[in-house]
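Secondary and tertiary structure notes
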Amino acid sequence: MDSFNYRNGRLFAESVDVEKIAKEVGSPTYIYSKATFKDHLSKIQKAYNQIDTTVCFSVKACSNINILKFMAEAGSGFDIVSGGELYRVQQAGGDLSKVFYAGVGKTDKEIIEALNAGIGYFNIESEVELVNLIKLAKENNKKTKAALRINPDVDYKTHAYITTGKKGNKFGVDIEEALRVFDDYRDNGFVKLCVVHMHLGSGGKTIDPYVAAVEKILPVIEELRKRGHEIEALNLGGGYGADYESGSVPSAADYAAGIVGLLKGKNLRLILEPGKSIAANAAILLSRVLFA
């Protein structure tokens with residue numbers, strides 16, 4: 001488990017004997033490894049350093065403010081899904097220009113708070129959500145940017161209940177509808193649709209669906225640009241399998257090997273949201289046996 005290991009039969013968290021922690025703070029207690037979080041993040045950042053990439057830690061994966069603080073210091077952006085998560089990122093000193101607000105249940109109050117905070121992008125799941133964001137932006141005289149989530153109809157090859165990128169799934173809009181939405185709301189004056197977003201699912205163990213999705217979405221971006229839309233980024237989402245078993249999923253370098261070449265020279269910023277795969281194996285719950 002990354003920075004947790006046994007030495008002569010005793011469990012250590014990085015260089016600290018966990019028994020010492022138990023004696024000082026009691027149990028049960030969670031022990032997080034800062035080294036593991038930072039190592040997972042840096043491997044992803046390094047893997048994609050040939051293109052302009054923003055790696056966003058998903059706050060829902062672990063919302064501890066101290067962890068968010070050192071992740072921000074390490075250059076991480078943040079994927080949020082609520083006003084509470086926005087507040088945590090603010091308290092942690094995160095770069096708000098690298099905050100991406102996802103989720104289908106944003107309330108008006110939460111949207112206004114995010115507009116006032118000056119976050120980087122709203123991820124939009126539907127036309128009706130976009131209409132509401134435009135309305136609130138106008139009423140509050142705030143300009144912002146947004147990404148439209150497109151369903152690429154790609155099989156993620158994971159459990160049926162956690163796939164989100166097939167045409168039958170409820171998330172995002174299909175490609176044909178996306179082109180119309182971009183055209184219809186081009187000149188609203190307050191919300192600039194300038195990012196294409198997708199998310200294929202969770203727990204994947206192969207890079208092939210990501211390659212297929214990028215290959216499918218690049219012609220859409222080209223068509224949008226031909227129609228006069230300024231598309232500045234591709235948000236490829238997350239859902240990468242976490243390496244709970246050593247070597248059971250592709251590494252960050254493996255994913256990048258399949259994706260970077262497709263995006264080189266496309267004048268696109270890449271946004272990634274690999275939250276769970278950063279947090280996985282980075283903590284343990286320390287408890288004491290009461291009865292044997």
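For the structure itself, consult the block above.
Reading the values: rules and limits
- Residues numbered from 1 in each chain as written.
- Predicted model: local features only at pLDDT ≥ 70, side-chain atom pairs only at ≥ 80, totals over all residues.
- Heavy atoms only, no water.
- Helix = DSSP H or I, 4+ residues; strand = E, 2+ residues; numbered from the N terminus.
- Contact = heavy atoms within 4.5 Å.
- Buried < 20%, exposed > 50% of the residue type's maximum accessible area, 1.4 Å probe, protein only.
- Pairing = 2+ DSSP bridges.
- Right-handed = clockwise from strand over helix to strand, strands pointing away.
- Phe/Tyr/Trp six-rings, centres within 6.5 Å; stacked < 30°, edge-to-face > 60°.

On to the environment of L115. As for its position among the elements, L115 is in helix α5 (residues 108–117). Counting along the chain gives 75 residues from L115 to F190, while the straight-line C-alpha distance between them is 11 Å. Ignoring any residue separated from it by four or fewer positions in sequence, one finds L115 in contact with F122, L133, L136, A137, K142 and T144.

The next point concerns the pairing of strand β6 (residues 77–80). A regular strand places its side chains on the two faces of the sheet in alternate fashion. Burial along β6 is two-sided: G77 and D79 facing one way and F78 and I80 facing the other are all buried. As judged from the three bridges shared by strand β5 (residues 53–58) and β6, these two strands associate in the parallel manner. By the bridge assignment for β6, C56 is matched with G77. Relative to strand β7 (residues 99–101), β6 runs parallel, the two sharing three bridges. The residue bridging D79 from the neighbouring strand is F100, located in β7. Between the parallel pair β6 and β7, the chain is carried across by helix α4 (residues 83–91), and the sense of this crossover is right-handed.

So, about the sheet that holds strand β2 (residues 10–13). In spatial order, the strands read β1-β2-β3; together these three strands make up an open sheet with antiparallel pairing. In the strand order of this sheet, the two ends are held by β1 (4–7) and β3 (16–17), each with one partner. Pairing analysis gives two bridges linking β2 to β3, with the strands arranged antiparallel. The residue bridging F12 from the neighbouring strand is D17, located in β3.

What follows is about the packing of aromatic side chains. What characterises a pair of aromatic rings is the spacing of the ring centres plus the angle enclosed by the ring planes. Inspection of every chain in the model, using the stated rule, returns nine aromatic pairs. On the numbers, 5.0 Å between centres and 10 degrees between planes, the contact of F100 with Y121 is stacked. A residue pair is termed long-range when its members are at least 10 positions apart, and F100 in strand β7 and Y121 in strand β8 (residues 121–124) qualify at 21 residues. According to the relative accessible area criterion, Y121 is buried, its value standing at 3%. Ring plane angle 85 degrees and centroid distance 5.6 Å describe the contact between Y210 and Y255, whose orientation is recorded as edge-to-face. Of the two residues, Y210 is situated in helix α8 (residues 208–226) and Y255 in helix α9 (residues 252–263); the sequence distance between them amounts to 45 residues. A relative accessible area of 4% places Y255 in the buried class.

Bear in mind that shape data such as this cannot, by itself, settle questions of function.
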